[in-house]
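# A closer look at the structure
The primary structure of each chain is shown beneath.
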Amino acid sequence: MSLHHQLDQLPEPDPQEVAEWLASVDGAVGAVGRQRTARLLRRVVDHARRAGVPLPGPSLTPYINTIPTGAEPAYPGDEAMESRITAWNRWNAAAMVTRGNERGGLGGHMATYASAAWLYEVGFQHFFKGKDADGSGDQLYVQGHASPGVYARAFLEGRLDEAQLDRFRMEAGRDGGLPSYPHPRRLPWLWEFPTVSMGLGPLSAVYQARFNRYLHHRGIKDTSASHVWAFLGDGEMDEPESTAALNLAAREELDNLTFVINCNLQRLDGPVRGNFKIMQELEAQFRAAGWNVVKVPWGVEWDGLLAEDSDGLLLDTLDTLPDGQLQTFAARDGAYIRERLFTGELAGLARPYSDADLARIVGTSRGGHEPRKVHAAYSAALAHQGAPTVVLVQTVKGWTLGPGFESRNANHQMKKLSGKEFRAMRDLLELPIPDSALGEGQVPYVHPGPDSDEVAYLRERRRALGGPAPARRVVARALPDPADKAFSSLYKGSGTQEIATTMAFVRLVKELMRDKETGARWVPVVPDEARTFGMESLFPSAGIYSPKGQTYEPVDRDQLLYYKESTSGQILNEGITEAGSLASFTAAATSYATHGEPMIPFYIFYSMFGWQRTADQFWALADQLGRGFVIGATAGRTTMTGEGLQHADGHSHLIASTNPACLPYDPAFAYEVGVIVKDGLRRMYGDNAEDVFYYLTVYNESKAQPPMPGGDGIENGILRGLYRYRPAAPGAEAPRVQLLASGTAIHWILEAQELLANDWDVAADVWSAPSWTLLRRDAMRAEREDRTPYVTSALADAPGPVVAVSDWMRAVPDQIAPWVPQQWTSIGTDGFGLSDNRENVRRHFGVDPQSIVVHTLRTLAARGDVKPGTPDLAVQRYGLEEQK
């Protein structure tokens, strides 16, 4: 359809010749069939290329509008009315940024929205469904730098007032203000999706559209009427995340997804592709990935020029004209355009036009500035079935802001207009603002009035489309607590059976997924490592989600744990993509707001490749107020040693500690895993749900899991981050020490406790520290609240120095050092990992039990608690000379 439309726009000097060629093709189809005809045509094309015929690649179409003017559907709105509304929005967006910078240099961006105003306004008036529409409404990923225009529209609707506009980028204080970009955590009633960490918006949009289908196919919610719109910049498409999931969207036929890429040809410093053509580049990329592509480069005023281009010279020129030159045309006069573009054989084509005409047509008549062009493109996107659509629409960056702004390399950094520029903008937009209002003071916000025709029109259109947009709505919906039976086996321990904490978590979730009330709401997300984590038992019972079901017979179909794909599958096995997996997790983790359906996702990944690779997305998850469980499996720098340096994680907890919404835990035992998960379900899905997510690191080292100790305060200690697990054996007076550990390191200090007692008559208390980070956060809050930190009070009566040990770099446990009342020292796994068995690697890092003993004895010797030569005797006894 697209190529047919575009060919219809081109002048044809010899229709009879074309008819003869077409008749030849028809004859071949009738004589030898479609397949043979296809082979013949491929040979013809190959021959033409060898003969030097400049044929475009199969993924490129001419540099003209996909939908010609004559094929555009009738515009359903009042264009004059919508032009006035758009003019008010343009003015107030520019005024808001200008006022903010005159007050205090707050920054902001004007040029992006100025170029994209009609891209949003046509959508808001005719396409974007609100929360009261069928399903969940549409999901809008707004380009971050265009946020002033969305605020301006909310002001016109009455959702924001002047005082709020004047607090743009001023969020400190009790009243708060408007965040610079779409930030749901800062403005949770308006924004749904954070998008200004460029590249994450398009990636997230793909997985949001896919998750909508997942909910629908699993029968949890009918999302068939919801559409995902992602508004992007052409410069943003250079981010690898922007295009990372294009194949997924095409492969799963996500026709509920539309990308709108504003090709204003400029990024932050200058042209996106100065010497090339970004629109053509993107078309080739998206077509190759299987997307439907709708191009909208030109406004209607180009129709006359193109209609006269009978020999195709102008079209050939446009196909090769670099974007840098086209950007310059938007900033220069008609004489310059005539001299540089309409030369030689093209001179006659421009002769009927004045210089002013050429400046208007070539300089600024772009498809993105005309509502009919935008409406036609969006209509085509919604009508297309079987594939997602990308609308490539060209605009002029800074359009309507005046010649000092339009198409200038620096306009992304330009933060305000002068009074003279505002007057010129007023005249261009034909706004009824008197000169008296544009004196030497601050430029005013303008509003036609709450009872004006414009506001009435705007509100009527939004009512028809299901209410305001963008909008975020949370309807409190607590999930029932799962039965205690699921947790009891972890609390009881494993007896003599050795299991890793990774397996303990998987077994727990498998039980929770059987719960009649909430089991169906669990969403396992895994980047192609399910078997590594022992999750293959979930394959036949939960199934792996695929919109195609299973169209083949799996090779292991005759086995109990066969690989089962299903349209109603519960597991999202994303392949080898941590970025895609986290985007998928985010969609599930925010479903409670996006769809009013609380889901319980857990994202389990190879520990090293979670936070290190996708920390930016974890911040976006926090900004989007996501809830769920993040599981760093095969954790630790010395526990997964055979894989070597790149797989040896010793720092993820340090990265996770920087994220305020993350509650990080490094559980030592299976019962700790159970207590933490149960608490997570209460805090994230209970009556007073919190906007946090839990991070648990679990290990692949099999150990006999002990039962949970009795006594008051154990669960509280686990959740707050520290409790005494095994006190020193009572006995005669002996030097005392406190050994603290998290995760698998608990087993090292338990052995060290025995060695210290049996070999050196040192009494050690063993403490489990499931969360160094939560201890630190509590201590910092305690300082502000003038109370004693939990870690300080917990250790208050513990005699001797403290030695902290973990399978992480020392900076992880060192987080709590300032609030520990005793002498503090730590041992960790700083440096690069390496391949060897666990015993050798732990000896290398000095965290094996014997090394811990020596370290402890040195600490005690320095205090005078043991004889000075004792540590050297221990080195000899344990054969640690190489480590000395």
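Structure's up top.
Residues numbered from 1 in each chain as written. Predicted model: local features only at pLDDT ≥ 70, side-chain atom pairs only at ≥ 80, totals over all residues. Heavy atoms only, no water.

## A word on the layout of surface pockets
Where empty space is left can be seen by rolling a probe of water-molecule size over the atoms. One number sums up the size of the second largest pocket: a volume of about 530 Å³. Around the second largest pocket sit 25 residues that line it, and S83, W118, H369, P371 and W399 are the ones nearest its centre. Taken together, the elements giving at least two residues each to the lining of the second largest pocket come down to α3 (79-104), α17 (371-383) and α18 (419-429). With 8 residues, α3 is the largest single contributor of residues to the lining of the second largest pocket. Grouping the constituent residues of the lining of the second largest pocket by class yields 11 nonpolar, 5 polar and 9 charged. (1 Å grid on protein atoms, 1.4 Å probe; cavity = no way out; pocket = protein on both sides within 12 Å on 5 of 7 lines; lining within 4 Å. Points joined across faces, edges and corners; volume = space filled by probe spheres on them. Helix = DSSP H or I, 4+ residues; strand = E, 2+ residues; numbered from the N terminus. Nonpolar A, V, L, I, M, F, W, Y, C, P; charged D, E, K, R; others polar.)

## Some points on the packing of helix α20 (residues 485-492) against helix α27 (residues 670-685)
α27 packs onto α20 with a crossing angle of 150° between their chain directions and a minimal axis gap of 7 Å. When the axis of α20 is compared with that of α27, the two are roughly antiparallel. α27 is crossed by α20, and the crossing has left-handed handedness. Counted together, F487, L490 and Y491 of α20 and A670, Y671, V673, G674, V675, V677, K678 and L681 of α27 form the full contact between these two elements. For the contact of α20 with α27, a count of residues per class yields 9 nonpolar, 1 polar and 1 charged. (Axes fitted to C-alpha atoms, helices over the stretch in contact; angles between N-to-C directions. Parallel < 35°, antiparallel > 145°, perpendicular 65-115°, else oblique. Left-handed = near helix turned anticlockwise from the far one by under 90°. Contact = heavy atoms within 4.5 Å.)

## Considering unusual backbone geometry
Residue P470 is bonded to the preceding A469 through a cis peptide linkage, with omega at -5°. With respect to the helices, strands and loops of the structure, P470 is situated in the loop between α19 (453-464) and α20. In this structure, E253 is a non-glycine residue whose phi angle is positive, near 55°. Position of E253 among the secondary structure elements: in the loop between α9 (246-251) and β3 (257-263).

## What to know about the side chain of N89
As for its placement among the helices and strands, N89 is situated in helix α3. Not counting residues within four places of it along the chain, the set of residues in contact with N89 comprises Y113, E121, A152, R153 and L156.

## Here's the deal with the pattern of salt bridges
Counted by the stated rule, this structure contains 46 salt bridges. Measuring nitrogen to oxygen at the nearest pair gives 3.0 Å for the salt bridge that ties K129 to D138. For K129, a relative accessible area of 23% puts it in the partly exposed group. Residue D138 is classed as buried on the basis of its relative accessible area of 5%. Here R477 ties to E597 by a salt bridge, and the two come within 2.9 Å at their closest N and O atoms. Highlighted residues: R477 in the loop between α19 and α20 and E597 in the loop between α24 (591-594) and β11 (600-606), separated in sequence by 120 residues. Judged by relative accessible area, which is 41%, R477 ranks as partly exposed. (Salt bridge = Lys/Arg side-chain N within 4 Å of Asp/Glu carboxyl O. Buried < 20%, exposed > 50% of the residue type's maximum accessible area, 1.4 Å probe, protein only.)

## A look at the sheet that holds strand β14 (residues 693-697)
Taken together, 6 strands build an open sheet; the order of strands is β10-β7-β11-β12-β14-β13 and the sheet is parallel. Edge positions in the sheet fall to β10 (572-573) and β13 (662-665), since each of these pairs with one other strand and no more. In the sheet, strand β12 (residues 629-633) pairs with β14 via 4 bridges, with the strands oriented parallel. Opposite F629, over in β14, you have Y694 as the bridge partner. (Pairing = 2+ DSSP bridges.)

## Topic: the nonpolar core
If you look at the biggest cluster of nonpolar residues, it comprises 83 residues, and the most contacted ones within it are W522, F602, F629, V677, L681, Y694 and L696. Within the second largest apolar cluster, 69 residues are counted, among which are M96, A117, F422 and M425. (Core = buried A, V, L, I, M, F, W, Y, C linked by side-chain atoms within 4.5 Å.)

Purely geometric numbers; function is a separate question.
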